[in-house]
Amino acid sequence: MTGLAWLVPVLPLAAYVLLLIGGRRLAEGAVTSIAVLAVAASFVISLAIMIQVALHGPQPAVTFPWLVLGSATISFGFEVTSLNAMMLVMVSFVSALVLLFSRGYMRGDARFARFYQYLSLFVFAMLGLVITSNLLEFYIFWELVGVCSYLLVGFWYFKPEAAAAAKKAFIVTRIGDVGLFVGMILLYLGFHTMNFDTIFYGQAVSSPYTMAHGAPALLFAAHALTGPGIHALPYGLAPAAFVTLTALLVFVGAVGKSAQFPLHVWLPDAMEGPTPVSALIHAATMVAAGVYLVARMFPLFQASPAASDVVAIVGGFTAILAALIGLTQHDIKRVIAYSTVSQLGYMMLALGVGAYVSGIFHLMTHAFFKALLFLTAGSVIHAVETQDLFEMGGLRKLMPLTNAAFLAGALALSGIPPFAGFWSKDEILSAAFSSGNYVLYAVGLIAAFCTAFYIFRVYFLTFGGEYKGDRHPHEGGLAMTIPLTALAVMATVAGFFNTPWAPWIANFLQDRGAVGYDPAVNWGLMVVSAVVGLAGIGLAYYAYGAPGRAQRMAQKSGFLYTLSFNKFYFDELYDRIVTRPIRAIAEALGFVDRWIIDGLVRLVSGGVYTGGAGLRYGNTGQIQTYGLVTLFGVAVLLIIAAGIGGVL
Amino acid sequence: MALQPFLALGAILFAIGAYGALTKRNLIIVLISLEMMLNAANINLVAFSHFGKTPHVAGQVFALFIIALGAAEVAVGLGILLAFFRMRNSADVKDASAMKW
Amino acid sequence: MNDALFLTVLLPALAALFVLFVPARAASAVRGVSLTAQLLALLFALAAYIGFNKGMAVFQFPFAATWLTVPNAFGTTPLVIRFAFGADGISMPLILLTGVVGLMASMRSHSIHERVKEHYFWQLLLTAGLYGVFASADLFTFFFFLEATLVTTYFLISVWGNEGRRRAATKFLIYRGLASVVLLAGFIGLAYSYAVQAQGASMQVYLGFAPNFLSLSIPQLISEAGKFQLSIAAQDALYLVFLLAVLVEEAFVPFHTWLPDAHEQADTGTNMLIGGVLMKIGLYILLRFAVELLPQGLQQFAWLTGLLGVISIIYGALVALAQKDWRRLIAFSSISHMGLVLLAIASLQAVGLQGAVFMLVSSGLLTALLFYAVGAQADRTKTFEIKNLGGLSKSLPVISGVLLVAALGSVGLPGMSGFISEFALFLGSFATFPWLAAVGTLGMILVALYLLYAMQRTTFGPQRTEYDQLADARPVEYVAMAVFVALVILIGVYPSVLGDVVHTTVQSIAGRIGG
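Asker: Summarise the overall build of chain A; cite the residues concerned and give the values.
Answerer: When its secondary structure is counted, chain A shows 27 helices and four strands. Of all intrachain contacts in chain A linking residues separated by at least 6 positions in sequence, the fraction that spans at least 24 positions is 80%.

Asker: Run through the overall build of chain C, naming residues and quoting values.
Answerer: Each helix and strand in chain C was counted, giving 21 helices and two strands. Relative to the compact-globule value of 24 Å for 515 residues, chain C shows a C-alpha radius of gyration of 22 Å, a close match. Principal-axis analysis of the C-alpha atoms places the extent of chain C at approximately 75 × 60 × 40 Å. A total of 515 residues make up chain C; the buried ones form 63% of that total. Intrachain contacts of chain C at a sequence separation of at least 6 include 81% that bridge at least 24 residues.

Asker: Describe in detail the interface of chain A and chain C, supporting the description with residues and values.
Answerer: Residue-level contacts link 40 residues of chain A with 43 residues of chain C. Broken down by secondary-structure element, the contributors of at least two residues to the side of chain A that touches chain C are strand 1 (59-69), helix 5 (135-153), helix 6 (160-191) and helix 26 (570-616) of chain A. Looking at the side of chain A that touches chain C element by element, the count peaks at 15 residues for helix 6 of chain A. Considered class by class, the residues forming the side of chain A that touches chain C number 29 nonpolar, four polar and seven charged.

Asker: Quick one: what's the story with the pairing of strand 1 of chain A, residue by residue and with numbers?
Answerer: All names here are of chain A. The pairing of strand 1 with strand 2 (residues 72-80) spans eight bridges and is classified as antiparallel. What sits directly across from Leu69, in strand 2, is Ala72. From the end of strand 1 to the start of strand 2, which pair antiparallel, there are two residues, and Gly70 there has a positive phi angle of about 60°.

Asker: I'd like a description of the arrangement of the chains, backed by residues and values.
Answerer: Of all two pairs of chains that touch, the greatest number of contacts is found between chains A and C. There is a gap between chain B and chain C: no contact, and a shortest C-alpha distance of 24 Å.

Asker: Talk me through the interface of chain A and chain B; I want residue IDs and the actual numbers.
Answerer: On the chain B side, the residues contacting the 11 residues of chain A number 11 residues. The biggest single contributor to the side of chain A that touches chain B is helix 27 (residues 623-643) of chain A, with five residues. Looking at side-chain class alone, the side of chain A that touches chain B contains four nonpolar, six polar and one charged residues.

Asker: Lay out the nonpolar core in plain terms, naming residues and giving numbers.
Answerer: As a rule of thumb, nonpolar side chains are buried together in soluble globular proteins. Counting 448 residues, the largest nonpolar core has Val294, Ala371, Leu372 and Ala491 of chain A together with Phe242 of chain C as its most contacted members. Setting aside residues no more than four positions away along its own chain, Phe242 of chain C makes contact with Gly186, Ile285, Leu286, Phe289, Ala290 and Leu294 of chain C.

Asker: Describe unusual backbone geometry, with residues and values.
Answerer: Residue Pro262 of chain A is bonded to the preceding Phe261 of chain A through a cis peptide linkage, with omega at 5°. Backbone torsion omega between Val253 of chain C and Pro254 of chain C reads 5°, so that peptide bond is classified as cis. Tracing the backbone through its elements, the reader meets Pro254 of chain C in the loop between helix 8 (232-249) and helix 9 (258-265). The backbone of Phe61 of chain C sits at a positive phi, close to 55°, despite the residue not being glycine. Here Phe61 of chain C lies in strand 1 (residues 60-74). Positive phi, close to 55°, is recorded for Leu348 of chain C, a residue that is not glycine. Mapped onto the secondary structure, Leu348 of chain C falls in the loop between helix 14 (326-347) and helix 15 (350-381).

Asker: Quick one: what's the story with the environment of Ala543 of chain A, residue by residue and with numbers?
Answerer: Its location among the elements puts Ala543 of chain A in helix 23 (residues 523-545). With sequence-adjacent residues up to four places away left out, Ala543 of chain A is seen in contact with Arg549, Ala550 and Met553 of chain A.

Asker: Just give me the short version of the packing of helix 3 (residues 82-105) of chain A against helix 4 (residues 112-131) of chain A, but keep the residues and values in it.
Answerer: All names here are of chain A. Running from N to C, helix 3 and helix 4 point in directions that differ by 175°, and their axes come no closer than 9 Å. With respect to helix 4, the element helix 3 is oriented roughly antiparallel. Between helix 3 and helix 4, the contacting residues are Asn84, Met87, Leu88, Val91, Ser92, Ser95, Leu99 and Ser102 on the first element and Phe115, Leu119, Val123, Met126, Leu127, Val130 and Ile131 on the second. Along the lines of polarity and charge, the residues of the contact of helix 3 with helix 4 split into 11 nonpolar, four polar and no charged.

Asker: Help me get a handle on the packing of helix 15 (residues 332-352) of chain A against helix 20 (residues 438-463) of chain A, residues and values and all.
Answerer: All names here are of chain A. The geometry of helix 15 relative to helix 20 is characterised by a closest axis approach of 11 Å and an angle of 160° between their N-to-C directions. Considered as vectors, helix 15 and helix 20 are oriented roughly antiparallel to each other. Handedness of the crossing formed by helix 15 with helix 20: left-handed. Note on element contacts: helix 20 touches helix 15 through Leu440, Gly444, Ala447, Thr451, Tyr454, Ile455, Val458 and Thr462, opposite Ile332, Val335, Ser339, Ser342, Tyr346 and Leu349. Classifying every residue of the contact of helix 15 with helix 20 by side-chain character gives nine nonpolar, five polar and no charged.

Asker: Describe the pairing of strand 1 of chain C, and please don't skip the residues or the numbers.
Answerer: Looking down a regular strand, the side chains alternate between one sheet face and the other. Residues and elements named next belong to chain C. Where strand 1 meets strand 2 (residues 77-87), nine bridges bridge the pair, whose relative direction is antiparallel. Its bridge partner lying in strand 2, Ala65 is registered against Phe83. Between strand 1 and the antiparallel strand that follows it, strand 2, lie two residues; Gly75 among them carries a positive phi value of about 60°.

Asker: Could you give an account of the confidence of the model for chain C, naming the residues involved and the relevant values?
Answerer: Of all residues in chain C, 97% have pLDDT values of 70 or greater, and the mean over the chain is 89. Here the predicted complex carries an ipTM of 0.91, next to a pTM of 0.88.

Asker: Account for the environment of Ile335 of chain C, with residues named and values stated.
Answerer: Mapped onto the fold, Ile335 of chain C is located in helix 14. With 60 residues separating them along the chain, Ile335 of chain C and Gly275 of chain C place their C-alpha atoms 9.9 Å apart.

Asker: Could you give an account of the environment of Gln299 of chain C, with specific residues and numbers?
Answerer: In this structure, Gln299 of chain C sits in helix 12 (residues 295-300). Residue class for Gln299 of chain C comes out partly exposed when judged on the 19 C-beta atoms lying within 10 Å of it.

Reading the values: the criteria
Every chain is numbered on its own, with residues counted from 1 as its sequence reads. Think of it this way: whatever chain is written first is A, whatever ligand is written first is 1, and the rest follow in order. Totals for whole chains, interfaces and linings use all residues, but because this is a predicted model, local features are given only for residues with pLDDT of at least 70 and pairs of side-chain atoms are given and counted only at 80 or more. Secondary structure is summarised from DSSP: a helix means a run of H or I of at least four residues, a strand means a run of E of at least two, and numbering begins at the N terminus for each. Once C-beta atoms are placed from the backbone, any two residues with those atoms within 7 Å are in contact. The size measure is the radius of gyration over C-alpha atoms, and the globule rule it meets is 2.2 Å times the number of residues to the 0.38 power. Partly exposed residues are those falling between the two cut-offs: more than 12 but fewer than 20 other C-beta atoms within 10 Å of their own, whereas 20 or more means buried and 12 or fewer means exposed, with C-beta atoms placed from the backbone. Only Asp, Glu, Lys and Arg are considered charged in this grouping, and only Ala, Val, Leu, Ile, Met, Phe, Trp, Tyr, Cys and Pro are considered nonpolar; every other residue, Gly among them, is considered polar. Think of it this way: DSSP has to see at least two bridges between two strands before they count as a pair. The nonpolar core criterion groups buried Ala, Val, Leu, Ile, Met, Phe, Trp, Tyr and Cys residues into a set whenever they are joined through C-beta atoms within 7 Å. For every element, the axis is a line fit to its C-alpha atoms; helices are fit only across the contacting stretch, and the angle between N-to-C directions ranges from 0 to 180 degrees. When an angle is under 35 degrees it counts as roughly parallel; over 145 it counts as roughly antiparallel; between 65 and 115 it counts as roughly perpendicular; any other value is oblique. Left-handed describes a crossing in which the near helix is turned anticlockwise from the far one by less than a right angle; the clockwise case is right-handed. Think of pLDDT as the predictor's per-residue confidence, scored from 0 to 100.

Given below as C-alpha cells:
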C-alpha cells in the first residue's frame, strides 16, 4: 500500500486539473463530487497506509533524479514515515469534510467550480508537502500552499479587504519563507544534500527516528566533519553554530507559516476569505505546515538547545499573546483565528521543550476541533449573515445540531476532560512543567484560562440568550451537517488515541525508539488543567450570563481592554515601522531615480546640446576671421614645437 | 649669394600677403594677397632648389606647377567673385557670410 | 542539421528582404510571411535544441563563411573576417528563447495597423540579429549582429512607440551605442591580448608587440584560455572594460534609466523582444567572454561585481514599488532580476552559472509574458496606469489569470521557472558571498511586495463600470499565453529539460576556471 502513497496527493491534483479544464461546464453537484471523492479516496489510501505503517513500520523513500545541479543530483521522491502517515490521514480527513461542507456554504457562488479547483490544489499542496522526502521539494509545496491560501483568501477579489488580506498573508509568510529558503541553502551547502534523512544522519535510513535517540549534537558534529565526503561547514562555522543558525532560519519559515509572533498578523486578516477556507487553513493545511516543518526537522532542533529554547519561548509568548487578544474581539471568526494562533503557540512550545509526541498530538486534536469550530461558525454565519457576535444570540434553540457541535469544539478547545483538547494540551503543559520550564508552564496555564473564557464567551453570545437579528436562522443542508457531526465526534473522542494508560500515538510515532521528551504522567497537573479550564468557562458564564456585566468588566480593566481589543496595536506598529518606511523609501528612490539619476543623464545630454548650440555661434561666416584663427593656431603650434625641441 | 636673403624676401612677401588676405575687405585685393602668398612659396622653392643641401631641379618644376595652379585659381576665384557681385551688388568680404551658423 | 543554427539567422533576414517586395497594402500577406518565417526559425531552433549533444561542452552546429580577407595584415598572415556560428550549452537555450519570444512578438504585432510592412521588416531583422548574437561563434559576427539589434530596435521604438518615442529611442541608441563602443574596445583588446600571449610575448613588450596572427573565433579563444592564462594585468583591465559595457548594456544601476523609458514608449511586441531577449545579451556577454576568457579578472573584481548586482536587486525592487505604470514596473522588475544574475556570475560557482542561464531563460519568458498580458489588458482598457485599473478579474478573467501567473512566476513561485533559477543563483551566491546574498534575499520579499501590490490594484477590487463591457482573450491570445505559461511551468516542474543542456558546458567552464 505504501507504494501507492504517491496517489494521495495526486488524486486531488487530478481533481484540480479536471476542474480547471471542465469545471465551468459542470453542475455544482458534479464539481463537488469530483473534488470530494478525490480527497476521500486520498483519505482511504492514507488510512490504509497508516495501518500498514503501524503493522510493518515505515518504508524507505522512493526517489527519482530531478535536476543535476553543479556536481550533485537533486532527487525528488516521497516516503512514508509514521509522522507523515499520521499527517496524511488527518489532512485528508479534515479536507474531505471541509470540501463537503463547502457544497452548502458556497451554493450559488458565481465561481463555484473555481473555488473547488483552488481547494483541490490546496489539498494537493499540503499532502505533497507532508509526503515529500526532500527539503527542496518540501519548500516547493510549502510555497504552493502559500499561493493557494493567497488565491483562496482573496477569492472574493471584489472585496477590497479580501484583496488586501490575501496580499498581506502572502507577503508576511513570504518573509518567513525567505528565512526557510536561506536555511535550506545553508543546509545544502553544509551537507550537499536535500534529503531529510541525509541531512540529519549523513545517510538515508528507512525511518528518520531509528537514530534520533541519543546525542544529536554529537551526531551532527560527526556527520558534518567526518562524513564520507569530508568538507568543512560553510564559512568555517563550528558545528554548534551552524546547527543553531540553520535551525533558527528554518524556524523563521515556520513562524511565518504558523502565524507565530512576530509574524502572526496575517492570520486573523485571512478571515476575509470564505469560511471553509478558514477552516482548511486553520486546521489542516497552511498553518499546520509550520508545525509540521518543525516536527519534520526535529532532529535539527534537538541538536541545538539554543534554537529549541527560541522555539519554546516564541511558542509560549504567542500562546498567551493571541489568547489575550482573543478575549475581546467582536468578530466570531477573528476570535477563533486568534485561538488558532494561540494553539499553534502551544504546539511550538511543545516542540521547543522537546515534547515531540505532545506537539504532534495537539496538532491532530486541534485540527479536528478547530475545523469543527470554523465550520460551525460558518454554519452560523451562513444562517445569520453577520460575523458580529453581538448581533447573534439564541441560536441554541434555532440550530440545535450546530449548537451541540460548537459546544463539543469549545469544550475540546478549553481542555475539559474527556474532550480531545484536554489530553493533548495537558500533555504539553505537563511537558513544560516537568522539563523545568516553569515560566512557560505558567504562561501556558494562563493562556489556557483565557482560552476557556474567550471560546465560551463566543458560545454564550452566539447560542445563549435571545436572537437579536431579524433573519430566520436554520440548519444548513446535509452537506453541512454531515461534516459537523463527523468532526464533533472526532473532537470528542480523538483524545483517547493517546491517553496516559493507552499511548497509541506515542507508540506509533516512536516505533523505532523514543523521540524527544516524553513527560511522565502527572495526575496533579491534569487536575490543575481541568480546573483552570472550568474556571475560564465559569467566568465566561458569569460575565455573559447576565446582561451588562461584561461591559462593566471591560470598563474596569481599562486600558488593558483597549490594548487587547486593538490587538496590542501590532498592525499599527508594523504599519509605522515597516510598511510606511518602505513605501516612503520607495517613493523617495523613485523620485531620486527620475529626477536625480535620470536628471544627471538629462543634464549631461542637455549640456552637450547646449554646448553645441553655443559653439555654433563661433561660425560667423567671416572667412577672414577663420583665417586669422587658423594663422594664430599655426603660430601656437610652431611655438610649442620650438619649445619642445623641434619635435612635431 | 646666400640662401637667407631669399628666405627673408619670401617671408616678408608671405607676411604681407597674409596681412592683406586677412584684413582687406575688397575681394579683389584679397585675391591679389593670396597670389602674393603663393609667390612667396615659389621664391622659397626656387631658392632651395639652388642653395639647398641637395640642390635639385624639382623645386623649380614645382614652382612652375604652382604658377599654373595659381592662374587656374585666379580664374575660378574671379568667376565666383563676378557671380557674387552680380547677386549681392558688392565685392565686400563681410557680405560673403551665407555659410554662418 | 548542421546548418540549423545558421538557418535560424538567415530565415528571418531573408523574410525581411522578402517583405520589402510585398506591396504595402497586402498587410495580411506581410503578416503571413513574417509569421511563417518566425515559425520556421523557431522550428529550426527547436530542432537544434533537441539535436544538441548534451554530453559535450563544445560549440555545436558549426557553420562558417569567410566574408573578407585582409591580405598580409600581420606580416604574411591575413586577417580573416568570418561569419561563424555555433552554440554551446549556454547559448543554446537562449537561441530557443529567441525563437519563442520572436514568434509570439510577431503574433502580438497583429495589433499594429500603421506602416505594417516596415514594422515587420524591422521586427524580422531584429529577430535575425538576436538569433545571430546568441548563435555567433566569432567576435566579429557577434558584434555585427549586436549592432543589428541596436539599429532595428531604434526604429521599432521611434516609429511605433507612444508620444515620447523619439526621445526614448535616442536614449536607447546612445546608451547601447556607447556600450557597443566599449565592448568593441574590449573585443579588440581580448583578441589582441590572446594573440600576443599565444605567441609567448612577455609583459614588457606587450604594447609594442605586433602579433603575427589574430584569431576572432570564440571557440579558438576558449581553447587557448584552456592552455594558458592571460596575464593578470591584462585580465583586470579587460574585465573592467567588459563590466562597464555590460553595466550599460544590461541597464544596471546607475546606467539603467534608458530601459524604463524605452519600455514605456515601445509597443508591446517590441517590448517583448526587448525585455524577453535583448535584455539578456549583456549578461550573456559576461558569461561568454568574462567568465570563460577573463576568469581571474572576474575573480579580482568579484566583490565589486556582486555588490553592483545587489545594488541593482534592491534598488530596482524599491523603485519598482514606486512606479505607476505597468511597463515601467516591469522594467524595474527586470533590472532587479538581472541583478541576481550578476551576483551569481560574480560568485563563479558552477551552480551559480547554471542558475544564471536558467534565470536568463526564465526571466525572458516571464518578462515577455508580463508584457503580453499587460499589453492585452491595455488593448482593452486603453491604459497602463495602475491607478486607473481595478477589478479586471471580473471582465477579463483569462487575461487576469495569466497576469497573475506571470506575476507569481516572477515572484519566484516554485513550480514555475523562476524558482529553480533563484534557487540555483542563491546557492552559488551564498557559497561565495554570504552577506551580499543575504542582502539579496530581501529582493525576494520586495518582489512580492511590488508585484502583488500592482496585482491587487489591477485585477482585484470592485469592478469599475467603464470596464464592464470588455471582451476577454481572443484565440490567438490564448495560444500565445498558453505557450508561455506551459513553458514556464514545464521548466519549473521538470527543470532538466533546460538543465541537461546547460549542465555539461557549465561544469566544464567551472572545471577550467577552478570554480
